[in-house]
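Topology and contacts: notes
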Amino acid sequence: SDSVSEFNSTRRTWQCSSHHSKREFSIKVGTIFAESAIGLDKWLTAMWMLTNCKNGVSSCEIARAVKVTQKTAWFMLHRIRLALQDEFFGSKLGGEVEVDETFIGGKARNMHLDKRERRITGTGGKDKTIVFGALERGGKVRTTVISDRKRPTLHAAVKEHVEAGAALYSDALSSYDGLAQDYAHQVIDHAEKYVDGRIHTQGLDNFWSLLKRGISGTYVSVEPFHLFRYLDEQVFRYNNRATKDNKLTDADRFDMAVRQIVGKRVTFAELTGKPN
């Protein structure tokens, strides 16, 4: 940039040549690393681990690997997850698309009694968070947290992520009724069978399995207001996985993540809900 006149090799900073400012700044400015005293060697190690560990990586493991506190590692991971967000800019899935929803929440048998009584107040999906997913066969998956499984909510989610005229496959949930007006909608009734030729949601079921394996096995407990961040993480790894037609390596995946660090910022106060 024309505004950068000098690099201080000792302090690893640049100095702005503007007539109004001679302040020094580092390469971290304007990225998810901004205002962090942690070295880039630790940041990039944590980013490599998160983008390439199939079941995710816990803050305790990051803390041990890069020699920071667990609290710091937790903050680092959430900032990296922000960089991994899918920036689809209004583009939609097409071709053959599977849609489905799932419940995410702690298992009662794994909770202490007092926590179980506080958090589990009903049966089935009650007190759990609902996630909607759409998977383009041979393409990408998208997820979003939704408030309920009612028809207006699911129809809005489908129309936001799937282009009109696509071949749409769902289960027999009645909330999906009426989508045939805009899509070639076909239904598989899981009470009868799970696959009927091209009609199934097996691809999305596989994604849900990977997601829940990471949440239950690696993270153990995820607060509902942070769930979308863990979805961003799993979606990034899934969409950039190595396939028969796309031989992506760990280095490729890491490179993609690093290219998305600019212009994104989340503070510890925002993550903890304590703005002051």
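Here we summarise the structure given alongside this text. (Residues numbered from 1 in each chain as written. Predicted model: local features only at pLDDT ≥ 70, side-chain atom pairs only at ≥ 80, totals over all residues. Heavy atoms only, no water.)

1. Some thoughts on the overall build of the chain
Rule in force here: Put simply, DSSP H or I for four residues or longer makes a helix, DSSP E for two residues or longer makes a strand, and each gets a number counted from the N terminus. We call two residues contacting when some pair of their heavy atoms lies within 4.5 Å. Here the open area of atoms and residues is found with the Shrake-Rupley method and a 1.4 Å probe, where only the protein chains shown may cover a residue.
Looking only at helices and strands, one finds nine helices and eight strands in the chain. Residue pairs at least 24 apart in sequence account for 60% of intrachain contacts in the chain once pairs closer than 6 positions are excluded. Put simply, the chain shows about 15,500 Å² of open surface, and 51% of that area lies on carbon and sulfur atoms.

2. Some thoughts on the sheet that holds strand S4 (residues 96-104)
Stated formally: The criterion for strand pairing is that DSSP finds at least two bridges linking the strands in question. Helix axes are fitted only over the stretch in contact, all axes being lines through C-alpha atoms; the angle between N-to-C directions runs from 0 to 180 degrees.
Spatially, five strands are ordered S6-S5-S4-S7-S8 in an open sheet, and the strand pairing comes out mixed. Taken across any chain shown, the strands that pair with only one partner, and hence form the sheet edges, are strand S6 (141-146) and strand S8 (184-188). Shown here is a sheet whose adjacent strand axes are inclined to one another by a mean of 25°, direction ignored. Pairing geometry for strand S7 (residues 167-171) and S8, over five bridges, is parallel. From the neighbouring strand, serine 170 faces S8, where its bridge partner is valine 187. Packed onto the sheet, helix H6 (residues 202-219) meets S4, strand S5 (129-136) and S6 and runs at close to 35° relative to S4.

3. Brief notes about empty space enclosed by the protein
Rule in force here: Computed over the protein atoms alone on a 1 Å grid, cavities are sets of points where a 1.4 Å probe fits but cannot get out and pockets are open sets with protein on both sides within 12 Å along at least five of seven lines; a residue lines them when it has an atom within 4 Å of a point. Grid points are joined across faces, edges and corners, and a volume is the space filled by probe spheres set on the points. As a working rule, the residues Ala, Val, Leu, Ile, Met, Phe, Trp, Tyr, Cys and Pro are called nonpolar, Asp, Glu, Lys and Arg charged, and the rest polar, with Gly in that last group.
Applying the stated criterion to the full structure yields one cavity of 30 Å³ or more. Taken as a whole, the largest cavity encloses approximately 50 Å³ of empty space. Every residue along the wall of the largest cavity is listed here: Leu211, Gly214, Ile215, Tyr219, Tyr230, Glu233, Gln234 and Arg237. For the lining of the largest cavity, a count of residues per class yields four nonpolar, two polar and two charged.

4. Points about the side chain of threonine 129
Short version of the rule: For each residue, the accessible area found with a 1.4 Å probe, counting protein chains only, is set against the maximum for its type, and the residue is called buried under 20%, exposed over 50%, and partly exposed in between.
Note on placement: threonine 129 falls in strand S5. Look at threonine 129 and you get buried, because its relative accessible area is 14%. Other than its neighbours up to four places away in sequence, threonine 129 contacts Thr102, Phe103, Ile104, Val145, Pro224 and Leu227.

5. Things to note about the side chain of threonine 201
Looking at the secondary structure, you find threonine 201 in the loop between S8 and H6. Under the relative-accessibility criterion, threonine 201 is labelled buried at 0%. Ignoring anything within four residues of it in the chain, the contact list for threonine 201 reads Glu98, Val99, Tyr169, Ser170, Asp171 and His190.

6. A word on the nonpolar core
A general feature of soluble globular proteins is that nonpolar side chains tend to end up buried together. Quick reminder of the rule: In this text, buried Ala, Val, Leu, Ile, Met, Phe, Trp, Tyr and Cys residues form a nonpolar core when linked through side-chain atoms within 4.5 Å.
In this structure, Met47, Ile62 and Ile80 are the most contacted members of the largest nonpolar core, which totals 39 residues. Counting only elements with at least two residues in this core, the list comes to helix H1 (40-52), helix H2 (59-66), helix H3 (70-83), S5, H6, helix H7 (227-239) and helix H8 (250-258). Setting aside anything within four residues of it in sequence, one finds isoleucine 80 in contact with Ile32, Trp43, Ala46, Met47 and Leu50. Val97, Ala166, Leu168 and Tyr183 belong to the second-largest nonpolar core, a separate cluster that totals 17 residues.

7. A look at the packing of H2 against H3
Spelled out, the test is: Should an angle fall under 35 degrees it is called roughly parallel, over 145 degrees roughly antiparallel, and 65 to 115 degrees roughly perpendicular, with every other angle called oblique.
Contact geometry of H2 with H3 gives a least axis separation of 8 Å together with a crossing angle of 110°. With respect to their mutual orientation, H2 and H3 come out roughly perpendicular. Together, Ser59, Cys60, Ile62 and Ala63 of H2 and Gln70, Ala73, Trp74 and Leu77 of H3 make up the contact between the two elements. The residue makeup of the contact of H2 with H3, split by class, is six nonpolar, two polar and no charged.

8. Re the packing of aromatic side chains
Rule in force here: In summary, the pairing rule links any two rings of Phe, Tyr or Trp, Trp by its six-membered ring, whose centres are within 6.5 Å, and it sorts them by plane angle into stacked for under 30 degrees, edge-to-face for over 60 and tilted for everything else. Only lysine NZ and arginine CZ atoms are considered, and such an atom sits over a ring when it is within 6 Å of the ring centre and within 35 degrees of the ring normal.
This structure, assessed with the given rule, holds seven aromatic pairs. Residues phenylalanine 75 and phenylalanine 268 carry aromatic rings whose centres are separated by 5.4 Å and whose planes lie at 80° to one another, so their mutual orientation is edge-to-face. One end of the pair, phenylalanine 75, is in helix H3; the other, phenylalanine 268, is in helix H9 (residues 268-272), with 193 residues separating them in the sequence. On the numbers, 4.8 Å between centres and 65° between planes, the contact of tyrosine 219 with tyrosine 230 is edge-to-face. With tyrosine 219 in helix H6 and tyrosine 230 in helix H7, the pair connects residues that are eleven residues apart, well separated along the chain. The pair tyrosine 219 / tyrosine 230 is uniform in exposure class, with both members buried. In this structure an aromatic cluster arises from ring pairing among Trp74, Phe75 and Phe268. Directly above the aromatic system of tyrosine 238 lies the positively charged group of arginine 241, at a separation of 3.9 Å from the ring centroid.

Function-wise, these values are silent; they only describe arrangement.
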